[in-house]
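Below are the chains, spelled out letter by letter.
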Amino acid sequence: MAARASDEALSLTAAAAVERIAAGELSGAELFDLYRERAGNEDLGAFLWLSEAAADVPADAPLGGVPLAVKDVFCVEGVPSTAGSRILHGYRPPYTATAVERLAAAGAPMLGKTNMDEFAMGSSNENSAYGPVANPWDRERVPGGSSGGSAAAVAAGLAPWAIGTDTGGSVRQPASLCGIVGLKPTYGAVSRYGMIAFASSLDQCGPLTRDVTDAALLFRHMVGCDPCDSTSLDYPAEVPLPTAERLDGVRFGAPPELTGEGIEPGVLEVFNRVRTTIEELGGEVEDIALPHTAHGLAAYYVLAPAEASANLSRYDGVRYGMRAGDGDLLSLYEETRAEGFGDEVKRRIMLGTYALSSGYYEAYYGRAQRVRTKIAEDFRAAFERVDLVLTPTSPSVAFRLGERTSDPLSMYLSDYCAVPMSLAGIPAISIPGGLSDGLPVGIQLAGPAFSEPRILDAAHALERAVGFTGEPWRA
Ligand code: GLN
């Protein structure tokens, strides 16, 4: 009986759990303990650190005490925060990221820190200095990245919900590969304060959840201007919870550039089925040209490494985490960085430094910035004709562990459909659209800046009609 009651509590969406707690039928502390136990026994490699006990959360707090898994890229006061890197081993920040703090204040205490690609660079979670994460749908496969630990934890029922960061797909792509929902907000909607920086003009914090309502609920409590992040903005209005069941009059644009060549046939099949579902719900889908998005990856892999090379210069063995070398200053810098950074991070630092070097700056960085502007203009023009852009989230389903590690370019292609929205700073969600050979396929909906309520509503209607029930942890 007790076992069944706990299974039942663990199967609730976060929003449903909040309701139960408010009704006095469940307590946040009970739920925390249930998840804490499950997460403590996990063998996916999803968590890097677990909280000991739940904080005291009043039952009438908006999020009721429903515990939250937090990507290890967020600084939390006194708690190991490594960003998946050896160079931050042993680092315990003296302050907490605004997003984590706001969610805790709303009643979502931290359950633990989740595994991730080092400094959020990767699409498979295999770049973590603390080992890979397995996909709960098939343990031989990757969960996606860089928020792989957060996605696997939610998909495996080890956490009711999680947050991650998305610089060029890192919330949406792992959500897609793990069969859950992932939202990348408008750039600036959520404060980046306390998020260990990768590429500051792109980084955004977003929810990874079991359903669209949970994503809206989490998002609602993280948004807003923060004096500690000068790029953060006031959200225009309170984020409503989505209610739509139909898509009457909603116009969707499917760009041939992101829905054809390079997309796996099984993914396209699901995509086309969802397209039909949209029409059945009253929505209209038309082709829409986004001519420059095909150059998104090329621009991203100049811009993101350029910003990363600057952001990562602060890791010198003096200020944070590990320290190596034989005592003199130069060897402290060199040895700490040589031992502390993994291969992918070093590759990006070299690419970025090169792209920014005098003589090449205009040819690489300057040109990539212009491509970025063109991509933003493509979207602006598209949103004059349609409400939302519709694409697959990832060109493929979850791939095998090790399959792409020796070929960075094939790894980079994983974000082909996700990167353009990041470059344009616009919001996009990934929701499960169905299965291909037993593995989840994500569908992406993107809209203009601050259109999250519209995106969430459409995703909600679609989610109900798709009726995706594949939750590997329930089996
Ligand atoms: N996979 C992309 C990269 O490696 C995106 C990562 C991210 O969004 N943090 O840069």
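Cut-offs used in this document
- Residues numbered from 1 in each chain as written.
- Predicted model: local features only at pLDDT ≥ 70, side-chain atom pairs only at ≥ 80, totals over all residues.
- Heavy atoms only, no water.
- Helix = DSSP H or I, 4+ residues; strand = E, 2+ residues; numbered from the N terminus.
- Rg over C-alpha atoms; globule rule 2.2 N^0.38 Å.
- Buried < 20%, exposed > 50% of the residue type's maximum accessible area, 1.4 Å probe, protein only.
- Contact = heavy atoms within 4.5 Å.
- Pairing = 2+ DSSP bridges.
- Axes fitted to C-alpha atoms, helices over the stretch in contact; angles between N-to-C directions.
- Phe/Tyr/Trp six-rings, centres within 6.5 Å; stacked < 30°, edge-to-face > 60°.
- Lys NZ or Arg CZ within 6 Å of the ring centre and 35° of its normal.
- Patch = residues over 30% accessible without salt bridge, like charges linked within 9 Å, V, L, I, M, F, W, Y side chains within 5 Å.
- Areas by Shrake-Rupley, 256 points an atom, 1.4 Å probe, with all protein chains shown as cover.
- Salt bridge = Lys/Arg side-chain N within 4 Å of Asp/Glu carboxyl O.
- Lys, Arg positive; Asp, Glu negative; His and termini not counted.
- Charge placed at Lys NZ, Arg CZ, Asp CG, Glu CD.
- Polar contact = N/O pair within 3.5 Å; in protein donor to acceptor, adjacent residues only side chain to side chain.
- Near = heavy atom within 4 Å.
- Nonpolar A, V, L, I, M, F, W, Y, C, P; charged D, E, K, R; others polar.

Visitor: Outline the overall build of the chain, listing residues and values.
Guide: The secondary structure content of the chain amounts to 16 helices and eleven strands. Relative to the globule expectation of 23 Å for 475 residues, the C-alpha radius of gyration of the chain, 21 Å, shows essentially globular dimensions. When its C-alpha atoms are laid out on the principal axes, the chain stretches across 65 × 50 × 45 Å. Here the chain holds 475 residues, and 61% of them are scored as buried. The long-range share in the chain, meaning contacts at least 24 apart out of those at least 6 apart in sequence, stands at 75%.

Visitor: Outline the sheet that holds strand E1 (residues 47–50), listing residues and values.
Guide: Pairing is mixed in the open sheet, where eleven strands are placed in the order E1-E3-E2-E4-E6-E5-E10-E11-E9-E7-E8. On the outer flanks of this sheet lie E1 and strand E8 (284–287), each paired with one strand and no other. Along the sheet, successive strands turn relative to each other by an average axial angle of 30°, direction set aside. Here three bridges tie strand E2 (residues 68–71) to strand E4 (residues 161–166), and the two strands are oriented parallel to one another.

Visitor: Any details on unusual backbone geometry? Residues and values, ideally.
Guide: Going from Gly145 to Ser146, the amide bond is cis rather than trans, its omega being 10°. One can find Ser146 in the loop between strand E3 (110–114) and helix H5 (148–155). Located in the positive-phi region is Ala120, a residue other than glycine, with phi close to 65°. Considering the arrangement of structural elements, one finds Ala120 in the loop between E3 and H5. Although it is not a glycine, Asn125 adopts a positive phi angle of roughly 65°. A relative accessible area of 0% means that Asn125 is categorised as buried.

Visitor: Please set out the packing of aromatic side chains residue by residue, giving values where relevant.
Guide: What describes a pair of aromatic rings is the distance from one ring centre to the other and the angle between the planes of the rings. For the structure shown, the criterion picks out 16 aromatic pairs. Ring pairing ties together the aromatic residues Tyr91, Phe119, Tyr315, Tyr320 and Phe341, which thus form one cluster. The cationic tip of Arg404 hangs over the ring face of Phe399; the distance from NZ or CZ to the ring centre is 3.8 Å.

Visitor: So what's going on with a negative patch on the surface? Which residues, and what values?
Guide: On the surface, Asp326, Asp328, Glu334 and Glu335 cluster together into a patch of negative charge. Topologically, Glu334 is positioned in helix H11 (residues 329–340). Given a relative accessible area of 47%, Glu334 falls into the partly exposed group.

Visitor: Mind laying out the environment of Gly325, listing which residues take part and the relevant values?
Guide: Note that Gly325 resides in the loop between helix H10 (296–311) and H11. In the structure, Gly325 is positioned 302 residues away from Ala23 in sequence and 58 Å away in space, judged by C-alpha atoms. Look past the residues within four positions of Gly325 in its chain and what remains in contact with it is Ser331, Leu332 and Glu335.

Visitor: Run through the side chain of Asp166, naming residues and quoting values.
Guide: With respect to the element layout, Asp166 can be found in strand E4. The class of Asp166 is buried, set by a relative accessible area of 0%. Of note is the side chain of Asp166, whose polar atom sits 2.9 Å from the side chain of Arg172. Excluding its chain neighbours within four sequence positions, the residues that come into contact with Asp166 are Val171, Arg172, Lys184, Leu202, Asp203, Gln204 and Ser422.

Visitor: Help me get a handle on the side chain of Glu307, residues and values and all.
Guide: The residue Glu307 is located in helix H10 in this model. The buried charged residue Glu307 lacks any salt bridge partner; its closest oppositely charged side chain belongs to Arg372, at an N-O distance of 4.4 Å. With residues up to four places along the chain from it excluded, the contact list for Glu307 reads Phe198, Ala199, Ser200, Ser201 and Arg372.

Visitor: Could you give an account of the site of the ligand, with specific residues and numbers?
Guide: In the region of the ligand, 15 residues are neighbours, and Gly168, Ser170, Tyr300, Arg348 and Asp415 sit closest. Backbone polar atom of Thr167 to an oxygen atom of the ligand: 2.8 Å apart, as the coordinates give it. Interatomic distance of 3.3 Å between a backbone N/O atom of Gly169 and an oxygen atom of the ligand. If the ligand stood free it would expose 290 Å²; the protein chains cover 100% of that surface. Here the shell around the ligand is composed, by residue class, of five nonpolar, seven polar and three charged.

Visitor: Mind laying out the pairing of strand E6 (residues 204–209), listing which residues take part and the relevant values?
Guide: Judged by how many residues are buried, E6 sits mostly within the fold: six of six residues are covered. Residues Gln204, Gly206 and Leu208 point to one face of E6 and Cys205, Pro207 and Thr209 to the other, with burial holding for every one of them. The pairing of strand E5 (residues 181–184) with E6 spans two bridges and is antiparallel. Of the residues in E6, the one forming a bridge with Val181 is Thr209.

Visitor: Give me a nonpolar patch on the surface: which residues, what numbers.
Guide: A cluster of nonpolar residues, Val318, Leu329, Leu330 and Tyr333, forms a patch on the protein surface that exposes about 360 Å² of accessible area. Mapped onto the elements, Val318 comes out in the loop between H10 and H11. Classification of Val318 by relative accessible area gives partly exposed; the value is 41%.

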